[in-house]
Amino acid sequence: METDCIKEALPAGTRLLHIGPHKTGTTAIQGALFAAKDTMPAHGVDFPAHSRHPMEAALAACARPAMMGDTVPTDKHWTRLLDAVRATGDRTSVISSEFFADAQDDETLARIVEQLGGERVHILITLRPLARIMPSQWQQYVQNGLRMGYDNWLEHMLRKAPYEQPNPSFWRRHRHDRLVERWARVVGPERVTVVVVDDSDRDGLLRTFETLLGLPAHLLQPVPDAANRSLTLAETEMLRKLNVEFRGNGLPDELYSKLVRNGAVMHMKNACSPTPQDVKITTPQWAVEAAGAIGAEMAETIAATGVRIVGDTALLSAVPEAVGKASGAPRIAPEVAAQALYGALAAAASAPVRHSAPAKARTVHQTSSKELVRVLGHRCLKKLRRR
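Below or above, wherever it landed, is the structure these notes cover. (Residues numbered from 1 in each chain as written. Predicted model: local features only at pLDDT ≥ 70, side-chain atom pairs only at ≥ 80, totals over all residues. Heavy atoms only, no water.)

### Description of the overall build of the chain
Okay, so step 1: Counting secondary structure elements, the chain contains 14 helices and 6 strands.
Okay, so step 2: Taking all 387 residues of the chain together, the buried fraction comes to 50%.
Okay, so step 3: Counting only contacts in the chain whose residues sit at least 6 apart along the sequence, the fraction spanning at least 24 positions is 81%. (Helix = DSSP H or I, 4+ residues; strand = E, 2+ residues; numbered from the N terminus. Buried < 20%, exposed > 50% of the residue type's maximum accessible area, 1.4 Å probe, protein only. Contact = heavy atoms within 4.5 Å.)

### Overview of the packing of helix α4 (residues 106-116) against helix α8 (residues 176-187)
Okay, so step 1: Interaxial distance between α4 and α8 falls to 9 Å at its minimum, and their mutual angle equals 55°. The angle between α4 and α8 places the two elements in the oblique class. As α4 packs across α8, the resulting crossing turns out to be right-handed. Note on element contacts: α8 touches α4 through R182, W183, R185, V186 and V187, opposite D106, L109, A110 and V113.
Okay, so step 2: Residues that form the contact of α4 with α8 fall into these classes: 6 nonpolar, no polar and 3 charged. (Axes fitted to C-alpha atoms, helices over the stretch in contact; angles between N-to-C directions. Parallel < 35°, antiparallel > 145°, perpendicular 65-115°, else oblique. Left-handed = near helix turned anticlockwise from the far one by under 90°. Nonpolar A, V, L, I, M, F, W, Y, C, P; charged D, E, K, R; others polar.)

### Examining the nonpolar core
As a rule of thumb, soluble globular proteins bury nonpolar side chains together.
Okay, so step 1: Core analysis: the biggest nonpolar cluster contains 64 residues, and L17, W78, F100, F209 and L220 have the highest contact counts within it.
Okay, so step 2: It is helix α2 (residues 55-61) that provides the largest number of residues to this core, a total of 6 residues.
Okay, so step 3: Discounting chain neighbours no more than four positions away, the residues touching F209 are L16, H18, I29, L33, V94, L124 and L220.
Okay, so step 4: Core analysis: the second largest hydrophobic core is formed by 42 residues, W153, L255, Y256 and M268 among them. (Core = buried A, V, L, I, M, F, W, Y, C linked by side-chain atoms within 4.5 Å.)

### Focus: the pairing of strand β1 (residues 15-18)
Okay, so step 1: On β1, burial covers both faces: R15 and L17 on one face and L16 and H18 on the other are all buried.
Okay, so step 2: As defined by bridge partners, β1 adjoins strand β4 (residues 121-127) across 4 bridges and the pair is classed as parallel. Residue pairing in the sheet places H18 in a bridge with L124 of β4. (Pairing = 2+ DSSP bridges.)

### Let's talk about helix α12 (residues 285-304)
Okay, so step 1: Between its first and last C-alpha, α12 extends 29 Å over 20 residues, near the 28 Å set by a 1.5 Å rise per residue.
Okay, so step 2: Along α12, the residues classified as buried are A287, V288, A291, G292, I294, G295, M298, A299 and I302.
Okay, so step 3: At the exit of α12 stands G306, carrying a positive phi of roughly 85°. (Expected span 1.5 Å × (residues − 1).)

### Looking at the pattern of salt bridges
Okay, so step 1: For the coordinates displayed, the defined rule picks out 14 salt bridges.
Okay, so step 2: Taking the shortest distance from any N to any O, the salt bridge between D102 and R173 comes out at 2.9 Å. Here D102, found in the loop between β3 (92-96) and α4, pairs with R173, found in helix α7 (residues 169-174); they are 71 residues apart in sequence, far enough to count as distant.
Okay, so step 3: One salt bridge connects D106 with R185, and the closest N-O pair in it is separated by 2.8 Å. Residue D106 is found in helix α4, and its partner R185 is found in helix α8; the two are separated by 79 residues along the sequence.
Okay, so step 4: Judged by its relative accessible area of 31%, D106 falls in the partly exposed class. (Salt bridge = Lys/Arg side-chain N within 4 Å of Asp/Glu carboxyl O.)

### Let's talk about the packing of aromatic side chains
Okay, so step 1: Under the definition given, this model contains 8 aromatic pairs.
Okay, so step 2: Seen in terms of ring centroids, Y141 and W153 are 6.1 Å apart; in terms of plane orientation they differ by 50°. Their pairing is tilted. A residue pair is termed long-range when its members are at least 10 positions apart, and Y141 in helix α5 (residues 130-142) and W153 in helix α6 (residues 150-158) qualify at 12 residues.
Okay, so step 3: When the centroid spacing of 4.8 Å and the interplanar angle of 80° are considered together, the rings of F170 and W171 count as edge-to-face. (Phe/Tyr/Trp six-rings, centres within 6.5 Å; stacked < 30°, edge-to-face > 60°.)

### Quick word on the pairing of β3
Okay, so step 1: The buried count for β3 comes to 5 of 5 residues, which makes it a mostly enclosed element.
Okay, so step 2: Burial along β3 is two-sided: the face carrying T92, V94 and S96 and the face carrying S93 and I95 are both buried.
Okay, so step 3: Sheet analysis places β1 next to β3, joined by 4 bridges and oriented parallel. Residue pairing for β3: L17 is matched across the bridge by I95.

### Describing the packing of helix α11 (residues 253-271) against helix α13 (residues 334-349)
Okay, so step 1: The contact between α11 and α13 brings their axes to 7 Å, and the two run at 135°. As far as their axial angle goes, α13 and α11 are oblique. Crossing geometry of α11 relative to α13 is assigned as right-handed. Residues K258, L259, G263, A264, H267, M268 and A271 of α11 touch α13, and the partners they reach there are V336, Q339, A340, Y342, G343, A344, A347 and A348.
Okay, so step 2: Across the contact of α11 with α13, the residue classes break down as 10 nonpolar, 4 polar and 1 charged.

### What to know about the side chain of D102
Okay, so step 1: D102 sits in the buried class, given a relative accessible area of 3%.
Okay, so step 2: Discounting residues that sit within four places of it in the chain, D102 has contacts with H22, R64, R172 and R173.

### Considering the sheet that holds strand β2 (residues 45-46)
Okay, so step 1: Strand order in the open sheet formed by 6 strands is β2-β3-β1-β4-β5-β6, with parallel pairing between adjacent strands. Two strands in the sheet have a free side with no partner beyond their single neighbour: β2 and β6 (308-310).
Okay, so step 2: Contacts from α4 reach β1, β3 and β4, with the element oriented near 145° to β1.

This is a description of form; function is not addressed.
What follows is the structure, encoded as structure tokens:
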């Protein structure tokens with residue numbers, strides 16, 4: 001069903017809160033807005049966040065934990081963002097974080113809205129088909145320590161009630177009809193805009209933001225971000241199996257954040273681009289069809305809420321053409337493995353090294369592999385804590 005087309009900007013002075021959810025073009029929007037941070041004020045629009053993505057502030061506002069091993073979000077993060085928003089005065093401002101979609105109860109939502117400006121706040125929700133979100137979200141969970149394979153994860157998310165394990169956040173974010181209903185219940189449907197992202201129109205979402213904010217056409221431009229690319233199946237499986245070893249050896253979360261996610265994985269993404277020969281993460285047909293059925297149900301419910309809908313809601317229930325299983329097992333290229341290892345080593349080397357007294361002599365060959373991993377991990381953690 002084709003719906004509304006935005007022709008006019010939101011009222012001047014609006015505080016536009018883009019809540020995602022995850023995997024709906026949020027990183028692209030945040031990158032474009034941050035890149036235009038110094039240009040937008042000439043057109044009456046401010047981007048008050050101090051970074052591209054105020055993740056810690058959003059997590060603190062929603063009372064949600066940090067990603068595995070990351071800095072614990074505190075009220076100071078949220079207060080800093082609120083101060084920056086209030087400093088925009090009567091001007092239009094835009095805040096974007098997909099982690100606002102993790103807010104669970106009406107009381108939390110109402111508090112966030114009131115602190116951001118009450119009746120001045122307009123909620124923007126971007127949506128994509130579940131069938132496209134699922135593989136991206138699974139590999140993102142693996143980057144946060146998940147050890148479950150994709151097919152097994154799909155079974156849990158789609159076939160095993162109450163569909164909350166191992167990632168209860170998935171349906172809190174991606175049961176999109178309930179997400180829309182929650183925010184519409186708090187601010188009223190007239191202050192909620194839902195944008196259905198059309199993947200065939202690469203810049204369509206940027207143009208929608210420009211219209212909503214009253215910005216000149218093409219002021220917002222795509223910003224290349226290799227660090228946000230999805231992992232290939234081989235890369236994800238390598239990381240997933242590392243997660244199994246990491247947890248099995250009882251290493252601390254702080255080490256995972258520093259050396260794995262922000263070391264090995266980040267460097268691998270930046271240094272290596274997927275090739276046509278790389279095996280992609282493919283969703284089995286039964287799961288694609290199940291996602292399409294859920295999408296159709298969600299589209300119908302969203303339409304009944306009375307919120308403003310931009311785009312074609314039929315896209316939410318679209319079932320992609322079946323993709324056959326790739327021939328051959330996924331293989332990690334030596335260069336990719338080398339870049340991942342280098343990223344971990346570089347992250348470890350960034351902490352100052354202090355020489356300690358020599359331990360009792362024992363060769364590596366006399367030490368089990370599990371003990372070596374455990375010892376290395378704890379040594380790296382000690383170096384991190386000395387920073």
